[in-house]
Structure formats: C-alpha cells, structure tokens
Amino acid sequence: MSDINYREIEVLPVDFEEMVLLLKNRIQTRLPNRWTDFLTSNFGMELLEAFAYEATLFHYYLNASVNECFMPTAKTQTAVYNLAKTIGYKPLGPQQSTVSVRFSIPAVITKNIDIPIYTKLNSSSGIPFYTTENAVLYKNTTYVDVDAKAGSLFDETFISTGEAKYKYVLKNYPVNAVESVFVDDQEYTYSSFMDLETTDLLYTIEFDSDYKASIIFGDGKYGSNPSKGSIINIKYVSGADSTSNVSPFTVNSILDILYDEDSAIVTNVSVVNNEPAVGGSEAETPGEIKVNAPSIYRTQYRCVTKQDFKDTVLALAGVEKTSVIDHTDMDEIGIFGVKICVVPEGGKYPTETFKNYIQDYLEQKKIISTQVDLIDPSFIPYDVSVSVNLQGNVSSSIVSNRIRSIVTEYLKWENRELGEEVSKQEIYKLISNISGVGTINNLTVEENRSVYVSETPVIGENTVKYHDSLNM
C-alpha cells in the first residue's frame, strides 16, 4: 500500500462542479479511447453527476460532523449543549421571573389568614404564578408581602424500579425548576453532581437539549437509591419564560382558596404586585452557552476573585450588565467586601426581589468570609452642546439628525460599561466623521439632571446650533 499524499488530500475538490470536472479528467486520462462522449445527453454523464453529487454531500456531512465535535465551531443546539456538559456546565433552560406580591384585606380582622407555599396566582394576561414561602396575614393587620415565581406547578408520581441511576423522565417540558422530591414521604435534597461517597438522600437533574428533565437518584454508594416499589412524588414547574416578566399591578388573581386559623374560608383577600416581575428569560442560545460555559468552568462554580463574581452574575437569567468593585477600587469596602451593581434586562433598576435572588445565589458560591452587597446603578443624563459649520449645500436638519443619532448611540447605557467615562474626544471624532460636517466649534459634554431638546438655526449663516440632553 502506497503512502498517502496529504497534499493531494488538502486540495481535493468539494464543489459539485469541481467534482464533476475531476471525474471527467480522470476518465479522459485512464480511458482515453473507451469513453469519448461527454455530452449531457449521455447516460454515463448522468451517472457521473450522481456520483459527484453524492461525494459532495458526503463531504459536507463529514465536515459538519467534525465541526460539531468542537465548541468554537459547533452550531447545533444539541452539540453545543452536550459539549458544555462535558466540562460540567449545565446550560440554563427557560427561567422563571420573580416578584413580590401583596395579599391584603379591606379592613383589619380578628383571625390570622394562612397563605401557604405554592398558593397559585394569575396575572391579567393569564401568566401563572405561585408563592414560594409560607406566610400569614396576621390579625390586626391589613396586608403581607410574599415572594412569588412564575410558572405552572405539576405533580407526578413514579414507582421506583430499584435500578441504580435510573432516569425518571418528567412529562411536561421545558422544566423551569424542581420544587421537591419525596420518596415514601422522605424528602430528598438536590445535588448538582453525584460524585461523593455518601448514603444521604440526594437526587440530581439531567436535562436534554429540549430541557426535558430526568430525575436521577444515587446508586447506593454515591447517594441513596430508592428501593424497588417505593413511591416517588415530584413537584416541578414548567411554562415560564421571558413573557413572565409582567408589569406592576398585573398579578391580581388568587386561584386557590384561603382559610383563616379556624379553617373558615376567606373570600375578601386580594393580591397585587407593586413592582414588575423580573428574571424571566428564554433558554440559553448556543452562542450564549459558548460564552458562559468557559467562564463558569474557569470559576469552577466558586466566587473568589472579582472576575469570578462578574462571570457568575452575568450568567444569571435577567442580568444585562454588571460591575464588581472591591477594596482595590474603594478602601472603604474592606478586604472581605464585594459590592455588585446589576442592570436587569431592559435597563430598569433591579427590584428588591431580584437583588435578593442574586444575593442568595452568590451566598452559595462565595467563601464564607466574603461580604456581598447588591447596589443600584445610576443612569446619568448628559448635556451635549455643539456648533458645526456645514460643507456644501447639505441640509442642516439632516446633519442635526445624524449628529443626534450617533451621539445618542454612543451614550446609550446598552453600549457602555458601568462606570465607563464619557469621552469628549470620542464624541468629537464621531461628529467629525459625519458627512456634511466641516468644522466643529464649542463642543461641551456635561453631566446634567435636566432633560430637554432645543434647536436654534442661525439665520444667514451655513451653521446649525443645538443643545441636546441625552440619557446614558
């Protein structure tokens, strides 16, 4: 067997026309006197083109398969998802929004009203919510605030097979969260990885690329394995996504019956959310997984350095931007302190519920001595004032609109990092590159809390002056 010439392999044609031409040349070289008719009407040409088509298609699928084996070149959701799992990263499915709701009555009462966990609520647009804690509307009060999450609650029951690492697949998907797992009335605890020798009552969750969830127990060595015939009860949530980020005052229906401390039905309790629901999102896209998986792998799900905190927070659903500062940025924070500023998706201020959700998540990742504080961002309006001389016969209104547009884009919060300085030189450069702008005079950029727009053309001069306030 002769050695393979790898140079020839590198230049093998992959285009259909090139493949046809290659086959024709090979036939003319090896069968010069036996096949001389290469007209398209020749049946042999049909066979040749069929072979070329199959070879081209085979080469395409071969390349596509190889690309799907590596994270940078993988394109399909299934491939990216499975590659991320090989480094211990679990891609996020659709996420629930969180919100604080207020249960209230029109007047004080003499008996406590129980508001149990998993009380079902609904928004005016039909988005389901449920409470995430037990609460009591105490007598002599008129309201109580309770945390809630979006999604529909489901209960499923399985009979244990007794088989180690058996997958109990939940019927409804995509699954947002598993609230509880009980085996014969004993509660099992969630564990991200079943990799420690223990007989504790643990379970883990495995998702496929469509976010169908499978509940998996231990094998007897790495976590307890339910015995055959045991009754498994699973409560989980499905149906929440970005549409659950509802506006204030829209969660206004109680679907369950409430009782007072004497088990009497209470009918005059109302509910409302005084703040927007935040944190709901669609499943991570392949592009987002490619960014988040290496970052989380580097942190190993621990938050120690500033970059660890930033990568971890940015990977959370509903977070658009974040900035982390410690004692190297501000002496007053102290060597064990970390302050984190978060901008939610949409650019609004984070609600207390959303900040508590981030705080609780980071508490599980940080070292015990680190003090984490969530702080609000500041959106700073800027006044930009400039006079420009125009070139030629360009319209002053057109140039004015172009200047407004390009400076607005520069100052938009979406295009800037938290704490990034506004550069007067950069604005000057952007304006000077606009078609029709000649010289630039009197450019000022000042922080200002007022917001107004005015334009005053100078009569008799080829000059436009305007003063514009832009929100960063």
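A brief structural summary. Treat the numbers as computed from the prediction; the structure is a model and nothing was measured. Once a new chain begins, its residue numbering starts again from 1 and follows that chain's sequence as written. A pLDDT threshold of at least 70 governs which residues receive local features in this predicted model, and a stricter bar of 80 or more applies before side-chain atom pairs are shown or counted, although totals over entire chains, interfaces and linings include all residues. Excluding hydrogens and water, the side-chain figures rest on all heavy atoms present in the structure.

1. Considerations on the nonpolar core
The nonpolar side chains of a soluble globular protein tend to be buried with one another.
And then number 1: Core analysis: the biggest nonpolar cluster contains 23 residues, and Val101, Phe103, Ile113, Leu121, Phe129, Leu137 and Val269 have the highest contact counts within it.
And then number 2: Here a helix means four or more residues in a row that DSSP labels H or I, a strand means two or more in a row labelled E, and each is numbered from the N terminus. Among the secondary structure elements, those contributing two or more residues to this core are strand E1 (98–104), strand E2 (113–115), strand E5 (135–137) and strand E6 (143–150).
And then number 3: Ranked by residues supplied to this core, first place goes to E6 with 4 residues.
And then number 4: Take the buried residues of types Ala, Val, Leu, Ile, Met, Phe, Trp, Tyr and Cys, join any two whose side-chain atoms come within 4.5 Å, and each joined set is a nonpolar core. Buried residues are those whose accessible area, probed at 1.4 Å on protein chains only, stays under 20% of the maximum for their type, while exposed residues exceed 50% and partly exposed ones sit between those limits. Counting residues in hydrophobic clusters, the runner-up holds 19 residues, among them Phe158, Tyr168, Val175 and Ile234.

2. So, the sheet that holds strand E15 (residues 258–260)
And then number 1: Whether two strands pair depends on DSSP finding at least two bridges between them. Strand order in the open sheet formed by 4 strands is E5-E2-E15-E16, with antiparallel pairing between adjacent strands. In this open sheet, the two strands that pair with only one neighbour each are E5 and strand E16 (265–266).
And then number 2: As judged from the 3 bridges shared by E2 and E5, these two strands associate in the antiparallel manner. Paired with Ile115 across the strands is Ala135, a residue of E5.

3. Concerning the pairing of strand E3 (residues 120–123)
Every regular strand shows the same layout, with side chains that alternate between the two sheet faces.
And then number 1: Looking at chain direction, E3 and strand E4 (residues 128–131) are connected through 3 bridges and run antiparallel. What sits directly across from Asn122, in E4, is Pro128.
And then number 2: As paired strands, E3 and strand E14 (residues 251–254) are joined by 3 bridges and run antiparallel to one another. Counterpart to Ser123 in the pairing with E14 is Val251.

4. A closer look at the pattern of salt bridges
And then number 1: By definition here, a salt bridge exists when the distance from a side-chain nitrogen of Lys or Arg to a carboxyl oxygen of Asp or Glu is within 4 Å. For the structure shown, the criterion picks out 13 salt bridges.
And then number 2: We note a salt bridge from Asp329 to Lys306, for which the minimum N-O separation is 2.8 Å. With Asp329 in the loop between strand E18 (319–325) and strand E19 (337–344) and Lys306 in helix H6 (residues 306–314), this pair connects stretches of sequence that are 23 residues apart.
And then number 3: Note on Asp329: relative accessible area 45%, which makes it partly exposed.
And then number 4: Relative accessible area serves as the criterion here: at 29%, Lys306 is assigned to the partly exposed category.
And then number 5: A salt bridge links Glu352 to Lys355; its shortest N-O distance comes to 3.0 Å.

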